[in-house]
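Fold and contact review
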Amino acid sequence: MNSWVQRLPISRLFTISPDTLKNDLIAGITVSLVAIPQSLAYAQLAGVPAYYGLYAALIPTIVGALFGSSRQLSTGPVAMTSLLTAASVAPMAAHGSELFYAYVILLALLSGMFQILFGVLRMGVLLNFLSNPVLMGFINAAAIIIGLSQLPTLLGISAHQSEHFLLDIWQVMIHIDTMHEISVAFGLSAIILLMAFKKFAPKLPGVLITVVMLTWVSYEIGYAGLGGKVVGDVPQGLPSISVPSLDWHAIMSLMPAAFVIALISFMEAMSSSKVIAIKTRQPWDENKELIGQGLAKIAAAFCHSMPVSGSFSRSALNLSSNAQTALSSVISAIFVLLTLLFFTSLLYHLPKPVLAAIIMMAVISLINFKTISNAWHASKDDGIAAIVTFLSTLAFAPNIQNGILTGIILSLALLLYRMMQPRIANLGVYADGTLRDAHRHNLPPLHPKLGAIRFDGALRFVNTSCFEDALLNLERENPAVRYILVKCNGMNYLDASGVEMLFNLIRRFKSNGITLGFSGPKKQVMEVMDSTGLSQAIGLENIFSSDHDAFEQLYLRGVIDTRICLNGQGDSRQIAPVKPSPSVAQA
């Protein structure tokens, strides 16, 4: 137990130097200046009161930092998790109701438990089932949905929420003439200021300065009294700590959404941790990070807050501010605490259109259609998975978790299909003297009595029938064939179904006067052949170390009357008719 504690970032807090403390202090203050307004904005995106965001940036941030494995990862409210939270709870409870808030808290608990379970069982590697094309398709669609979801707030229009997000947005657009001009002015001003700070003064806390300036303007003109929506009262003091209320029916209904949030939020955290590890050359453990992120979510639930995750933008800011240890995140949380204790009254006049603008600007960087294009050019299957995930996420909105589940199922189905269709080629001799796909290059057979195929991949239950059909077709199309050679140096796995299929093929071929041979089998494949008795059924004399050895032995045995000369790599260089001497023939 002690050794485990020593490996946690918390252990480093007791051995930090003055220089490290200085760097962490500066980084913590810098991140807090961005985290506070972002937390308020992401709470709005999740459909909960603004102070839920501050609660999520307090204790969960500390827990995530102290129990995770990445020193610079900043945990707290993030756009993607907030959107998933709102979308998951919306079908179960009315927006703005106490039941809605209770389900958000319960969702934080369930998603955290999923992540801890994944980490304890060391299942971090299983997250690779979420392929990059599927993730990119989802992120692009989710970023568009996040941006569009803020249009009603930005325009000051009351929007109806239904099960069809795109129709709701269409209703907003056709009623754009009812927009609140002052709200639009605040929203556009915030966008312009944020863009200006990003371009001309990126080192300044542009988000915080924008919030302070426009909150002051809101107070001066009495924006709330003019019909504008503001943050309003934010409770002063610490969040209460209590066990979330448990409802078995709600738990079962939220379980799929909790699984998706656990998956997606950790993908965000993992992306940030990988970037940090590359730049700092510090190791990180995905299973420890799963536990740390899971504990942070559970802490959020006990603090009456919303699900949290590792923030890519704040982690990048933490890293660029030269943070050294998890203390920087603790310091960031302390400044959130000071805000809750002393400055909540200053947040009353913060216009909600400003928060909407912050959210929009935060997700613009997530939209990157080039990743989908690259997936298409790399592999049509990956491109299809990315496009289908993108379109289904938009179509299912606000239930966007169904979109990524669709993408995961499709990508796994396409993977299974590819496994069922391995690369199998009948071999012939190309003009340069190499063995190549005879069908693709329109090559003549090697010899009337000899057929050869190349198999690339693992021979397992999903593709045994494909392999068997290829050999049977070779037999049918070449009536004179007496020997079939399988070039199997590309075969890296052989399972029980493959072994049984080969036994059946050997018996069938023998009854038809055909011998089946193998050249260049890998060690792991040979071990399976030996342990199952397959190598004895094939005949050790029909298992060759290379193509060169195979063709030479077949010539010497008189199976073929033409010598096929091969180079050291197993590529054919020439086919020269050479009759064996009587002594060789007799041998």
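Shown above is the structure to which this text applies.
A short tour of the structure in this document, coming up. Worth saying up front: this structure is predicted, and the values here are computed from it rather than measured.

Thoughts on the overall build of the protein chain
When helices and strands are counted, the protein chain shows 26 helices and ten strands. Its C-alpha atoms give the protein chain a radius of gyration of 32 Å, clearly above 25 Å, the size a compact globule of 587 residues would have. Taken over the C-alpha atoms alone, the protein chain extends approximately 110 × 60 × 50 Å along its principal axes. Here the protein chain holds 587 residues, and the buried ones make up 52% of them. The long-range fraction of contacts in the protein chain, counting pairs at least 24 apart against all pairs at least 6 apart in sequence, stands at 78%. Accessible surface, the protein chain as shown: approximately 26700 Å² in total, 62% of it carbon and sulfur.

Some thoughts on helix H14 (residues 312–320)
Buried residues of H14: Arg314, Ser315, Asn318 and Leu319, and no others. The buried residues of H14 all sit within an arc of 140° when viewed along its axis, so they share a single face. Where H14 is buried, its residues contact helix H2 (18–46), strand S1 (74–76), helix H12 (248–280), strand S2 (309–311) and helix H15 (327–342). Positioned one or two residues after H14, Asn322 has a phi angle of 70°, which is positive.

Re the pattern of salt bridges
Overall, the coordinates contain four salt bridges when judged by the stated rule. Among the ionic pairs, Asp381 bridges to Arg418, the shortest N-O distance being 2.9 Å. On the criterion of sequence distance, the pair formed by Asp381 in helix H18 (residues 380–396) and Arg418 in helix H19 (residues 401–420) is long-range, its members being 37 residues apart. With relative accessibility at 34%, the residue Arg418 sits in the partly exposed group. In this structure, Glu475 and Arg508 form a salt bridge, with 3.7 Å as the shortest nitrogen-oxygen distance. In this pair, Glu475 is assigned in helix H21 (residues 464–477) and Arg508 in helix H22 (residues 496–511), connecting sequence segments 33 residues apart. A relative accessible area of 38% means that Arg508 is categorised as partly exposed.

Points about the packing of aromatic side chains
Inspection of every chain in the model, using the stated rule, returns eleven aromatic pairs. The interplanar angle of 90° and the centroid separation of 6.3 Å between the aromatic rings of Phe100 and Tyr101 together place this pair among those described as edge-to-face. Phe100 gets classed as buried once you look at its relative accessible area, which sits at 0%. For the ring pair Phe342 and Phe343, a centre distance of 6.4 Å and an interplane angle of 70° mean the geometry is edge-to-face. Among the residues examined, Phe342 registers a relative accessible area of 54% and is labelled exposed. When its relative accessible area of 43% is taken as the criterion, Phe343 is described as partly exposed.

What about unusual backbone geometry?
A cis amide bond, omega 10°, links Ala397 with the succeeding residue Pro398. Locating Pro398 in the fold gives a position in the loop between H18 and H19. Residue Arg122 is not a glycine yet carries a positive backbone phi of 55°. The residue Arg122 is located in the loop between helix H6 (98–120) and helix H7 (132–149) in this model.

Regarding helix H13 (residues 286–302)
For H13, with 17 residues, the first-to-last C-alpha span of 24 Å sits near the 24 Å given by 1.5 Å per residue. Taken across its 17 residues, H13 has 13 buried, putting it largely inside the fold. Here H13 starts with a cap whose side-chain oxygen sits 2.8 Å from the backbone nitrogen of Asn287, and that cap is Asp285. His304, located one to two residues past H13, shows a positive phi value of around 60°.

Focus: the pairing of strand S7 (residues 515–519)
In terms of burial, S7 is largely enclosed, as four of its five residues are buried. Note: strand S6 (residues 483–494) against S7, five bridges, orientation parallel. Bridging from a neighbouring strand, Leu485 pairs with Gly517 of S7. Viewed along the sheet, the connection from S6 through H22 into S7 turns out right-handed.

Points about the packing of H6 against H12
Two elements in contact, H6 and H12, have axes separated by 8 Å at closest approach and are oriented at 60°. By the angle between their directions, the pair H6 and H12 is classed as oblique. Note on packing geometry: the crossing formed by H6 with H12 is right-handed. Residues Tyr103, Leu106, Leu107, Leu110, Ser111, Phe114, Gln115 and Phe118 of H6 pack against Ala250, Ile251, Leu254, Met255, Ala257, Ala258, Phe259, Ile261, Ala262, Ser265 and Phe266 of H12. Counted by class, the contact of H6 with H12 contains 16 nonpolar, three polar and no charged residues.

Scoring rules and cut-offs
Residues numbered from 1 in each chain as written. Predicted model: local features only at pLDDT ≥ 70, side-chain atom pairs only at ≥ 80, totals over all residues. Heavy atoms only, no water. Helix = DSSP H or I, 4+ residues; strand = E, 2+ residues; numbered from the N terminus. Rg over C-alpha atoms; globule rule 2.2 N^0.38 Å. Buried < 20%, exposed > 50% of the residue type's maximum accessible area, 1.4 Å probe, protein only. Contact = heavy atoms within 4.5 Å. Areas by Shrake-Rupley, 256 points an atom, 1.4 Å probe, with all protein chains shown as cover. Arc of directions from axis to C-beta. Salt bridge = Lys/Arg side-chain N within 4 Å of Asp/Glu carboxyl O. Phe/Tyr/Trp six-rings, centres within 6.5 Å; stacked < 30°, edge-to-face > 60°. Expected span 1.5 Å × (residues − 1). Polar contact = N/O pair within 3.5 Å; in protein donor to acceptor, adjacent residues only side chain to side chain. Pairing = 2+ DSSP bridges. Right-handed = clockwise from strand over helix to strand, strands pointing away. Axes fitted to C-alpha atoms, helices over the stretch in contact; angles between N-to-C directions. Parallel < 35°, antiparallel > 145°, perpendicular 65-115°, else oblique. Left-handed = near helix turned anticlockwise from the far one by under 90°. Nonpolar A, V, L, I, M, F, W, Y, C, P; charged D, E, K, R; others polar.

The values are spatial; any link to function lies outside them.
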